[in-house]
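# Reading the structure
Below are the chains, spelled out letter by letter.
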Amino acid sequence: MIRPIQTVNVAEALRQFASDSITPLAQCDFVLHGVHTYIKSCHMETFGKYGEKLRERYTDTDRLINDRVVFRQVYKISLLKSPETDVRLEYTLEPGPYATHPLLHIKSSSVIPKERYKPQQLFMLLLKEINKIKAREGMLIGLYSDAMIEDVKSLVKRIYTGQFTGEYTVLLFSGIEPEIARPSRLELHFEQKNVDRQLKEVEPGELLVEYSKPVYGRNGLNAYGKRVSSGNAENEPFLSCEIDDATVSVVDDANSVRLYSKKRGFVHYTPEHIEISNRLTLDTIKRVHSQVAKEEENEVEVHITQNDTTRDSVGEGVHLTSERIHVSGHIADKATVEAKHLVVDGATHNGARLFAREATVNRHKGMLRCHKAQITLLEGGEVHATHVNVETALGGSIYAEQVTLGVVRHHLKVYATDSITINSITGEDNAFVINYKKVPIVLRHLEYLDEDIDEQRYLLDEAKRHREEEVPKISKRIVAMRDEIEEIKHSSFNATVVIKHTVHGLNTITFSLPKNKEITYRTREGMSYEPFFLELHEEYVTLQPVGVSVSL
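In this report, the structure presented in the accompanying data block is examined.

Below, the discussion takes up helix α8 (residues 471–489). Taking 1.5 Å of rise per residue, the 19 residues of α8 would be expected to cover 27 Å, and the 27 Å separating its terminal C-alpha atoms lies within 8% of that figure. Residues Val471, Ile474, Ile478, Met481, Ile485 and Ile488 constitute the buried set of α8. The arc that holds the buried residues of α8, viewed along the axis, is 125 degrees, so those residues lie on one side. Opposite its buried face, α8 presents the exposed residues Pro472, Lys476 and Glu487, each directed more than 90 degrees away. Structurally, α8 contributes buried residues whose contacts are with α7 (440–466).

Okay, structure coming up:
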């Protein structure tokens, strides 16, 4: 053993001793005789001795941090070649991310001769060994270590009661964990959703905007007596726009401000205002499958404003679905539009497909299926509906129950079940047919009626066995559905074709009859006609007012 020295770095002193004595470092050790503690704060130009007065002052954690206190210790040690020791600890040291609460994990394989010492003596030996470990690591000794002392006492108790198995952890230092500064962050979640779609709809209760408030941070103090900086952060401002209380809710807590949608719709966000609206206005829709929602009852209106005749407002391949859709321009080839209420101010290309409950189309060339259709100009398109009103027809085909036409030019085919009303015909090669078998929506309705009758028959059989009181009601439903079927199948006898003005050109009017028979009349140039209808006799049917008859 050499004479005692003072050092601030025990590990370096050990390495120097090993080199000077030509001894392996693992065979070198030291005796810790004492520690001198020094302190420096923002009120001191240099380090000063840490005495009782300063100790009392810095029991206050806030003052310790605010005064930017740091500690330094000088260890008084004697260096020596490793002698035989009574206690030899096997351990791992876990400093932690900031070294404010380092942990010493002592293994039960350590050499601890409990038989040779009383508990108090063993406690002092263990404390001495642990302080040596701290000194070798450059940690503070004797400061903020009350928890360490209690842990060592508990360890001694476990050793003598046989409970020290596996591993035991000692908290070496109770420092001050820093609170790391965090910049504020503004996330517009509604802009991040549905990134593969042009239309971005939000649901009720959906998170729209999240503002994480800034954390300004708090410095810490670690086991080496050093101040741990909280860091710095630049902050983003929160939304300065007006928030619509009727459609957007605000949740403000200590960490963040969050905006949630109160209804289903689209986010309208500007630097001045944010709200949820059922109306979406876009210049064009270009992406494939730009769907608003599959559900029909979504109460959303989409307005496509682009009406340049050289461009399509709804691009090729787009599939657009919503409650209300208003397209100012054109709908491209292979585009599909579905809506409860549909308005197209422009034109539909030949390959466009439209589905709606009510549709108003300016110029139609594609395919339209709806309940009620209002078309300004039919240019060879196809229409399937219950009620159809066309102002001018330049060809195409219509399949409906009731059809009203303004001006008919050439090559139009109309198939109806109830009525066809025409203001004027100025061309030829037009066909007006009353035949339920030619109207797909009516045939589909007949299929549904047949299925419903089969289901009611099953319910009727069950009712006859178990619920006699239900029989009359079910039987009545079956009779009503059968009557409806018969009414459809004989609809030609109640249908009319009305041409209000003089007919120009050759056109045909056809009424279907039972047994796949039909009556056809070819109009004559310059003729005016009263309404066409069927007059049923016992053995034949006459098409009035032209008097063409066919036997039954």
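Back to the write-up after that little detour.
A separate point is the sheet that holds strand β36 (residues 540–544). Spatial strand order, β35-β36-β37: three strands in an open sheet with antiparallel pairing. What marks the edges here is a single partner per strand, and that holds for β35 (533–536) and β37 (548–551). For this sheet, the mean inter-axis angle between neighbouring strands, taken without regard to orientation, is 25 degrees.

This next bit is on the packing of α7 against α8. Across the interface, α7 lies against α8 with an axial gap of 9 Å and an inter-helix angle of 160 degrees. Overall, the two elements α7 and α8 adopt an arrangement that is roughly antiparallel. Read as a crossing pair, α7 and α8 show a hand that is left-handed. Looking at side-chain class alone, the contact of α7 with α8 contains 13 nonpolar, three polar and seven charged residues.

Strand pairing in a sheet takes place through backbone hydrogen bonds and is either antiparallel or parallel in direction. Spatially, the three strands line up as an open sheet ordered β5-β6-β7, and their pairing is antiparallel. Single-partner strands in this sheet number two, and they are β5 (91–94) and β7 (167–171). Strand-to-strand twist across the sheet, computed as the mean angle between neighbouring axes with direction ignored, equals 20 degrees. As defined by bridge partners, β5 adjoins strand β6 (residues 103–107) across four bridges and the pair is classed as antiparallel. Paired with threonine 92 across the bridge in β6 is histidine 105. Helix α5 (residues 146–161) rests against β6 and β7 of the sheet, and its axis sits at about 155 degrees to β7.

The rules behind each value
- Residues numbered from 1 in each chain as written.
- Predicted model: local features only at pLDDT ≥ 70, side-chain atom pairs only at ≥ 80, totals over all residues.
- Heavy atoms only, no water.
- Helix = DSSP H or I, 4+ residues; strand = E, 2+ residues; numbered from the N terminus.
- Expected span 1.5 Å × (residues − 1).
- Buried < 20%, exposed > 50% of the residue type's maximum accessible area, 1.4 Å probe, protein only.
- Arc of directions from axis to C-beta.
- Contact = heavy atoms within 4.5 Å.
- Pairing = 2+ DSSP bridges.
- Axes fitted to C-alpha atoms, helices over the stretch in contact; angles between N-to-C directions.
- Parallel < 35°, antiparallel > 145°, perpendicular 65-115°, else oblique.
- Left-handed = near helix turned anticlockwise from the far one by under 90°.
- Nonpolar A, V, L, I, M, F, W, Y, C, P; charged D, E, K, R; others polar.

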